[in-house]
Amino acid sequence: MQKLMKARVHITLKNGVLDPQGKAIENALGGLGFDGISEVRQGKYIEIVLENVSPAAAQASVESMCEKLLANTVIENYEIDLEA
Amino acid sequence: MKAAVIVSPGSNCDRDVQVAIRQSAGTEPIMHWHGDPELPNVDLIVVPGGFSYGDYLRAGAMAAHSPVIREVVTRAESGVPVLGICNGFQILTECDVLPGVLMPNAGLKFVCRDVNLRVEVTDTIFTCNYRSGQTIRIPVAHNEGNYFADKATLDRLEGENQIAFRYCTTDGEINPHANPNGAARNIAGILSKNRNVLGMMPHPERMADPALGGTDGRLMFDAVVKALAIA
């Protein structure tokens, strides 16, 4: 049987990079009466389902995807979670 | 002069550039489909504006990996003049031909209007028809024009005179009010280290005929044609 593995990729803006969308969400939440919010940052979430790979190979492959396409490392960080 | 205009799915300024080149050069540019990696030998490559691949993921991110762009990167490195306008500028930063990145506009709105630009350098084939410090008027039309790079990169761009244009007031003053998108240090256009690549958010092809409201943009196409004829 085919063995599937799911990679969850979280892409977030690096510290110090201004996030006007996050700021707008923050303001909107304040407008709705949500108190105690110190900051909102918006990112991206991508799921990739891989087939027939070892955890190590999946990690290496998704890291390469992030470096080449999924994230722009000038402004973004990425985190990868693998789930068999 | 032989020019090529790269056409991607979603390019929408390719024909405007075609008209501007035809007008300045008197020759017809090659309209080159992005999926064809066999780019003919040309004197100038233009990566035009638009919404290549619908701006999916990040503006320019997908187009930066299209077959012809790999060849454009090689040509740029070998010294062929490359002009990236708007989405073309975004693509050139995504494939690391130019440093930095174009982020969503600080005001979160699509900005579509004429802006004033101060010409910062005139020792390039693109800007040699302008006077240093001259204010020119050219339209912008973008959602991601907010130029960002780390401080070291910005300092290097300034130190090496790689900033070609900055957003300014009608009097040529550089201040936050003249900045339509939050771009770092009011940067509207930058050059590569060896100065053969120019990326800019404003659209010179949209100001290349009196019927469009002015000809400040035409001067850039005229300059390239003249410079390449001598070279």
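Draft legend 1. Geometry of the pairing of strand 4 (residues 82–85) of chain B. Residue and element names in this part refer to chain B. Alternating positions in strand 4 separate into two faces, Val82 and Gly84 on one and Leu83 and Ile85 on the other, with burial throughout. One crossover worth recording links strand 3 (residues 44–47) to the parallel strand 4 by way of helix 2 (residues 67–77), and it is right-handed. Relative to strand 11 (residues 197–200), strand 4 runs parallel, the two sharing four bridges. Within strand 11, the residue paired with Ile85 across the bridge is Met200.

Draft legend 2. Region of interest: the pattern of salt bridges. On inspection of all chains with the given rule, the structure shows 18 salt bridges over all chains. Close ionic contact of Arg8 of chain A with Glu83 of chain A constitutes a salt bridge, the shortest N to O distance being 2.6 Å. Taken together, the residues span a long stretch of sequence, with Arg8 of chain A in strand 1 (residues 4–13) and Glu83 of chain A in strand 3 (residues 76–83) at a distance of 75 residues. Overall, Arg8 of chain A belongs to the partly exposed group, its relative accessible area being 24%. Judged by its relative accessible area of 39%, Glu83 of chain A falls in the partly exposed class. One salt bridge connects Glu76 of chain A with Lys44 of chain A, and the closest N-O pair in it is separated by 3.5 Å. With Glu76 of chain A in strand 3 and Lys44 of chain A in strand 2 (residues 44–51), the pair connects residues that are 32 residues apart, well separated along the chain. Linked through salt bridges whose partners overlap, the residues forming this network are Arg118, Glu120, Lys151, Asp155, Glu158, Arg166 and Arg185 of chain B.

Draft legend 3. Up close: a nonpolar patch on the surface. Taken together, the side chains of Leu32, Phe34 and Ile37 of chain A present a nonpolar region at the surface, about 310 Å² in accessible area. Mapped onto the elements of the fold, Leu32 of chain A is located in the loop between helix 1 (20–31) and strand 2.

Draft legend 4. Local environment of the environment of Ala71 of chain A. Looking at the element boundaries, Ala71 of chain A is found in the loop between helix 2 (55–70) and strand 3. Residue Ala71 of chain A is classed as buried on the basis of its relative accessible area, which comes to 3%. Linking Ala71 of chain A and Pro55 of chain A, residues 16 residues apart in sequence, is a C-alpha distance of 21 Å. Excluding anything up to four places from it in sequence, Ala71 of chain A contacts Ile11, Cys66, Glu76 and Tyr78 of chain A together with Arg58 of chain B.

Draft legend 5. Structural view of the sheet that holds strand 3 of chain B. All names here are of chain B. Spatially, nine strands are ordered 2-1-3-4-11-10-9-6-7 in an open sheet, and the strand pairing comes out mixed. The open sheet has two edge strands, strand 2 (30–33) and strand 7 (135–142), and neither has a second partner. Within the sheet, the average angular offset between the axes of one strand and its neighbour, ignoring direction, is 25 degrees. Looking at chain direction, strand 6 (residues 111–119) and strand 7 are connected through eight bridges and run antiparallel. Its bridge partner being in strand 7, Asp114 is matched across the sheet by Pro139. Where helix 1 (residues 14–25) meets the sheet, its contacts fall on strand 1 (3–7), strand 2, strand 3 and strand 4, and the angle it forms with strand 1 comes to roughly 170 degrees. Sheet strands in contact with helix 3 (residues 87–94) are strand 3, strand 4, strand 10 (187–191) and strand 11, and its direction is about 115 degrees off that of strand 4.

Rules of the game
- Each chain carries its own residue numbering, running from 1 in the direction its sequence is written.
- Labels are handed out in written order, letters beginning with A for the chains and numbers beginning with 1 for the ligands.
- Per-residue local features are limited, in this predicted model, to residues with pLDDT of at least 70; the limit for side-chain atom pairs, both in listing and counting, is 80 or more; totals at the level of whole chains, interfaces and linings are taken over all residues.
- Remark: hydrogens and water are excluded; side-chain values derive from all non-hydrogen atoms of the structure.
- Each residue gets one of three labels from its accessible area relative to the maximum for its type: buried under 20%, exposed over 50%, partly exposed in between, using a 1.4 Å probe on protein chains only.
- Going along the chain from the N terminus, every DSSP run of H or I of four or more residues is numbered as a helix, and every run of E of two or more is numbered as a strand.
- With the strands pointing away from the viewer, any crossover whose connection runs clockwise from the first strand over the helix to the second is right-handed.
- Pairing between two strands is assigned when DSSP locates at least 2 bridges connecting them.
- One side-chain nitrogen of Lys or Arg within 4 Å of one carboxyl oxygen of Asp or Glu is enough to make a salt bridge.
- Patches here are clusters of residues that have more than 30% relative accessible area and form no salt bridge, with a 9 Å joining cutoff for like charges and a 5 Å cutoff for nonpolar side chains (Val, Leu, Ile, Met, Phe, Trp, Tyr).
- Here, Shrake-Rupley sampling with a 1.4 Å probe gives the accessible areas, and only protein chains in the shown set may cover a residue.
- Contact definition: two residues touch when any of their heavy atoms are within 4.5 Å.
- All axes are obtained by fitting lines to C-alpha atoms, using only the stretch in contact for helices, and the reported angles, taken between N-to-C directions, cover 0 to 180 degrees.

Read these as spatial facts, not as claims about activity.
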